[in-house]
Amino acid sequence: MSVSAAGGVARVPAVEGWFTLDDEPHLIGCRCAACGTYVFPPRSGACPNPNCDSEDLVPTPLSRVGTVWSYTENQYAPPPPYRAAEPFEPYALAAVQLEEEGIIVLGQVPKGIMAADLKVGMPMQLETDVLYREVVDGVDTEFMVYVWAPAGPTAAKSIGGGS
Amino acid sequence: MSDRDLVVLGVGMHPWGKWGRDFTEYGMVAARAALKDAGIEWKDVEYVAGADTIRNGYPGFIAGSTFAQKLGWTGASISSNYAACASGAHSLQAARASILAGFCDVAMVIGADTTPKGFFAPVGGERKTDPDWLRFHLLGATNPVYFAMFARRRMDLYGATSEDFAQVKVKNSRHGLGNPYARFRKENAIEDVLNSPIVSDPLRLLDICATSDGAAAMIVTSRAFAEKKLGSLKGVPRIRAVSTVTPTYPQTILELPDFATDSTAVVAPPVRGFKESLCWAAYEEAGMSPSDMNMAEVYDLSTALELDWYEHLGLCAPGEAEGLLRSGATTIGGRVPVNPSGGLSCFGEAIPAQAIAQVCELTWQLRGQAQGRQVEGAKAGITANQGLFGNGSSVIVSV
C-alpha cells in the first residue's frame with residue numbers, strides 16, 4: 001500500500017491518539033499500570049478488569065502484527081458519518097487478533113484487497129491509509145486511518161515469536 | 001408452579017410494516033389488544049413498563065409515561081427502559097421485579113417503534129468520543145459488518161456455505177407465511193437468497209433482517225391475581241425466567257459496536273461467552289435444560305446468527321448448527337422449531353417491541369393459538385436476543 005504525500009498536502013489522523021503515522025505505524029492502546037491488562041481504543045479512567053481498581057491506564061504501542069479473527073467486505077456505501085467516496089468502491093474490513101495483548105481489533109483493509117484475499121488465521125500488519133481528503137482552512141488535508149494489510153513473510157514470522 | 005412465576009394474562013401486537021406513522025399509534029393498538037386478550041380494563045393496570053425508542057424524540061425516551069398518558073392517566077406507576085434490542089425484555093424484568101416485590105399485581109409491558117429507511121446509523125451530531133459514532137466514521141462498520149464477521153467465521157471454521165445461510169431464510173419465510181403480524185409473508189427459495197445482492201460479504205440482502213415499524217404489548221400478573229381471575233392456571237403460560245445478564249470480563253468476541261474485544265492478557269476468558277451466558281442464566285433460573293425446550297424464538301438479525309444461537313442455546317454443540325438445520329430439527333414439525341413466528345426474517349426489527357414480540361409468540365404457541373405455524377404440543381419455549389453494549393435477554397415461558 002502506498003499513500004501519496006505530494007507537496008502541499010497535510011496529513012493528519014482522523015482520530016487523535018489512536019495510532020502513529022510513521023513508516024512503521026502502530027496502534028496506541030493503554031496498559032493498566034497495576035494489573036497489566038490492555039485496552040483499545042486508548043482511554044483514561046478505570047481499568048476494565050473487575051478485579052482491579054486502578055485508574056492508571058498508560059498509553060502503550062500495540063503489536064503491529066496479528067492474525068485474522070474474521071473479515072467482511074462492504075458492497076454498499078455506509079451511511080454518514082462515514083464519508084464515502086463517489087462513486088463508492090467496495091472495501092474490506094478485518095478483525096485482527098493480537099497475541100501478546102490478547103485483544104481483537106477491527107479495522108479497514110487497504111483499498112483493493114478484498115474479502116476473497118483474506119482467510120481466518122492469516123497474518124496481518126498495521127499500515128495507514130487515507131480515510132478522506134478535505135480542504136481545511138485553505139490546506140489540502142488527508143485524514144488518515146489505520147488499516148490491516150496482509151503481512152509480508154518477515155512480519156508473519158514475527159507473530160509466532162511474540163514480536 | 002413456583003411463587004416466582006409470572007402469569008401472562010394477555011398479549012397483543014400491531015402488525016409489523018413500514019409506514020412511518022407516529023409510534024404511539026402502533027403501541028395503542030398493541031396495548032388495547034393485550035388488555036382485551038387479558039380480559040381486564042386499562043384502569044386495572046397498576047404498573048406500565050415502557051421500552052424506549054431513541055429515534056422518535058422525547059416521547060420515545062419516556063415510553064412508560066407516554067403510553068400511560070395516551071391510555072389516559074390513572075395514577076399507575078411507570079418505568080421507561082432502554083437496553084438496545086433487549087429493551088422489551090428489560091421492561092418485562094422491571095414489571096416482574098415490581099410484581100415479585102409485591103408492589104403491584106398487574107403490569108403492562110409495551111414497546112413500539114417507527115424506523116428510518118436503510119442502515120441503522122448513529123444518533124446525529126459529531127461525537128468523537130462515542131464509539132457508536134466513531135465506528136461509522138472511521139470504519140464504516142455498519143451492523144451488517146459485525147453480522148458478516150460471525151457468518152464468515154462459520155464458513156472458515158465450520159465449513160458453512162451460503163446455501164446453509166439461505167436455508168435459514170427459506171425455513172423462516174415458510175414459518176411466517178401465515179403469521180398475520182409478520183411484515184414479509186412471501187416464500188423464499190434458496191435461489192432468491194443467493195441471487196440477492198451482497199451487502200456485507202458473505203451476507204446478502206435476504207440474509208439480513210430489515211428495520212420495521214411495529215408494536216407489542218403484554219399484560220403480566222401475580223399468581224394470586226391470575227388465580228382469582230381465572231380460577232385455574234392450567235394451560236396458562238407462565239414466565240419462568242428472565243435473564244438480562246451482562247458479559248463477564250474479558251468479553252472475547254468482537255461485538256457490536258466495539259472496535260476491540262477485552263484483553264485476555266491477565267484474566268482468562270469466562271467458561272461461557274456472553275450469548276451463552278444469557279441463555280444459561282435463564283435455564284438455571286427456570287431449573288430447565290435445552291432438552292426441555294419445544295421451540296425457540298431467536299434474534300436472527302442475520303441468517304447465520306440464527307445458526308450461532310442454536311449453539312449458544314445448547315440445542316447442539318459448536319460447529320453442528322448447520323447439521324441441525326439440515327436435519328429439519330429446527331423446522332416446524334421437527335424436534336425444536338426455531339423462529340416459528342418467522343423471526344426477524346419475516347418481521348424486520350422494531351427494536352423496543354421485538355423482545356416483547358418474541359414472548360407474545362411463545363404465548364400464542366403455548367396456548368395452541370398460533371394458527372398456520374403451530375408447534376404441536378409445545379409445553380415450553382425460550383427466547384434469545386442481543387443488542388449493543390452488553391444488552392441482551394433470554395426468557396423462558398412454559399405451561
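Nothing here was measured: the structure is a model prediction, and the numbers come from that model.

**Remarks on the interface of chain B and chain A**
Counting residues at the interface gives 36 residues for chain B, matched by 41 residues for chain A. Sorting the residues of the side of chain B that touches chain A by element identifies helix 5 (131–139), helix 6 (143–158) and strand 5 (198–200) of chain B as the ones contributing at least two each. For the side of chain B that touches chain A, the element with the highest residue contribution is helix 6 of chain B, accounting for seven residues. Looking at the side of chain B that touches chain A residue by residue, the classes come out as 22 nonpolar, eight polar and six charged.

**Considerations on the sheet that holds strand 10 (residues 380–386) of chain B**
Residue and element names in this part refer to chain B. Read across the open sheet, the nine strands follow the order 3-2-4-7-1-8-11-10-9; overall the sheet is mixed. The sheet terminates laterally at strand 3 (77–81) and strand 9 (295–298), the two strands that pair on one side only. Put simply, the sheet's adjacent strands are angled 20° from each other on average, direction ignored. With two bridges connecting them, strand 1 (residues 6–17) and strand 8 (residues 238–243) associate as antiparallel partners. Counted as the bridge partner of Val7 is Arg238 from strand 8. Running at roughly 145° to strand 1, helix 1 (residues 23–38) makes contact with strand 1, strand 4 (106–113) and strand 7 (213–221) of the sheet.

**Side note on the UniProt feature "domain: ChsH2 C-terminal OB-fold" (unreviewed entry) in chain A**
Here the UniProt feature "domain: ChsH2 C-terminal OB-fold" (unreviewed entry) sits at residues 61–128 of chain A. As annotated, residues 61–128 of chain A has a helix share of 0% and a strand share of 46%, and its two end C-alpha atoms lie 15 Å apart.

**Notes on the pairing of strand 8 of chain B**
Residues and elements named next belong to chain B. With six of six residues buried, strand 8 is to be regarded as a mostly interior element. Both strand 8 and strand 11 (residues 392–398) contribute to a ladder of five bridges, which runs antiparallel. Of the residues in strand 11, the one forming a bridge with Ile239 is Val397.

**Considering helix 14 (residues 351–367) of chain B**
Residue and element names in this part refer to chain B. Taking 1.5 Å as the rise per residue, helix 14 with 17 residues should run 24 Å; its terminal C-alpha atoms sit 25 Å apart, in good agreement. A large share of helix 14 lies buried, amounting to 16 of its 17 residues. A positive phi of about 75° marks Gly368, the residue just after helix 14.

**Here we look at the confidence of the model for chain B**
Of all residues in chain B, 99% attain a pLDDT of 70 or more, and the chain-wide mean is 96. The ipTM assigned to the predicted complex is 0.91, against a pTM of 0.94.

**Description of the domain arrangement of chain B**
When the parts of a complex come together, some accessible area is lost, and that lost area is often used as the size of the interface. Residues and elements named next belong to chain B. Taken domain by domain, chain B consists of domain 1 (4–116 + 211–228) and domain 2 (129–207 + 239–396). In this structure, domain 1 and domain 2 have C-alpha centres spaced 23 Å apart. Facing 37 residues of domain 1, the contacting portion of domain 2 comprises 33 residues. Looking at the side of domain 1 that touches domain 2, the elements that each hand over two or more residues are strand 1, helix 4 (87–100), strand 4 and strand 7. Across the side of domain 1 that touches domain 2, the residue classes tally to 21 nonpolar, 11 polar and five charged.

**Considerations on the packing of helix 7 (residues 162–175) of chain B against helix 11 (residues 303–312) of chain B**
Angle between the axes and distance between the axes are the two parameters that describe a pair of packed helices. Residue and element names in this part refer to chain B. For the pair helix 7 and helix 11, interaxial distance at closest approach is 8 Å and the crossing angle is 90°. Taken together, the axes of helix 7 and helix 11 lie roughly perpendicular to each other. Between helix 7, through Phe165, Ala166, Val168 and Lys169, and helix 11, the contact on the second element is made entirely by Thr303, Ala304, Glu306 and Leu307. A breakdown of the residues in the contact of helix 7 with helix 11 according to their chemical character gives five nonpolar, one polar and two charged.

**With respect to the nonpolar core**
A:Ala94, A:Val105, B:Val109, B:Ala217, B:Met218, B:Val220 and B:Ile356 are the most contacted members of the largest nonpolar core, which totals 166 residues. Ranked by residue count, the leading element in this core is helix 14 of chain B, at 10 residues. If you count residues domain by domain, this core takes at least three from each of domain 1 (4–116 + 211–228) and domain 2 (129–207 + 239–396) of chain B. Discounting residues that sit within four places of it in the chain, B:Ala217 has contacts with B:Gly12, B:Ala30, B:Ala31, B:Ala34, B:Met108, B:Val109, B:Ile110 and B:Ile356.

**Notes on the UniProt feature "domain: Thiolase C-terminal" (unreviewed entry) in chain B**
The residues that UniProt annotates with the feature "domain: Thiolase C-terminal" (unreviewed entry) are residues 281–397 of chain B. The span residues 281–397 of chain B is 38% helical and 15% strand by assignment, and the distance between its end C-alpha atoms comes to 14 Å.

**Here's the deal with the sheet that holds strand 2 (residues 28–32) of chain A**
Residues and elements named next belong to chain A. Strand order in the open sheet formed by three strands is 3-2-4, with antiparallel pairing between adjacent strands. Edge strands, defined here as strands with exactly one partner in the open sheet, are strand 3 (38–39) and strand 4 (57–61). Judged from the two bridges that link them, strand 2 and strand 3 form a sheet pairing that is antiparallel. Considered in strand 3, the bridge of Arg31 is made with Tyr38.

**Details of helix 6 of chain B**
Between its terminal C-alpha atoms helix 6 of chain B stretches 23 Å, which fits the 22 Å expected from 16 residues at 1.5 Å a residue. The buried fraction of helix 6 of chain B is high, at 12 of 16 residues. Every buried residue of helix 6 of chain B is listed here: B:Asn143, B:Pro144, B:Val145, B:Tyr146, B:Phe147, B:Ala148, B:Met149, B:Phe150, B:Ala151, B:Arg152, B:Arg153 and B:Arg154. On the buried face of helix 6 of chain B, the contacting elements are strand 5 (65–74) and strand 6 (91–98) of chain A together with helix 7, strand 5, strand 6 (203–204) and helix 11 of chain B.

**Points about the packing of helix 4 of chain B against helix 14 of chain B**
Residues and elements named next belong to chain B. The contact between helix 4 and helix 14 brings their axes to 6 Å, and the two run at 65°. Only Ile351, Pro352, Ala353, Gln354, Ala355, Ile356 and Val359 of helix 14 make contact with helix 4, whose side of the interface consists of Ser87, Gly88, Ala89 and Leu92. Each residue belonging to the contact of helix 4 with helix 14 can be placed in one class, and the counts come to eight nonpolar, three polar and no charged.

Rules used throughout
- Residues numbered from 1 in each chain as written.
- Chains lettered and ligands numbered in written order.
- Predicted model: local features only at pLDDT ≥ 70, side-chain atom pairs only at ≥ 80, totals over all residues.
- Contact = placed C-beta atoms within 7 Å.
- Helix = DSSP H or I, 4+ residues; strand = E, 2+ residues; numbered from the N terminus.
- Nonpolar A, V, L, I, M, F, W, Y, C, P; charged D, E, K, R; others polar.
- Pairing = 2+ DSSP bridges.
- Axes fitted to C-alpha atoms, helices over the stretch in contact; angles between N-to-C directions.
- UniProt positions renumbered as here; feature names shortened; annotations may be inferred.
- Buried ≥ 20, exposed ≤ 12 C-beta atoms within 10 Å, placed from the backbone.
- Expected span 1.5 Å × (residues − 1).
- pLDDT = per-residue confidence, 0-100.
- Domains from an automatic or database assignment.
- Parallel < 35°, antiparallel > 145°, perpendicular 65-115°, else oblique.
- Core = buried A, V, L, I, M, F, W, Y, C linked by C-beta atoms within 7 Å.

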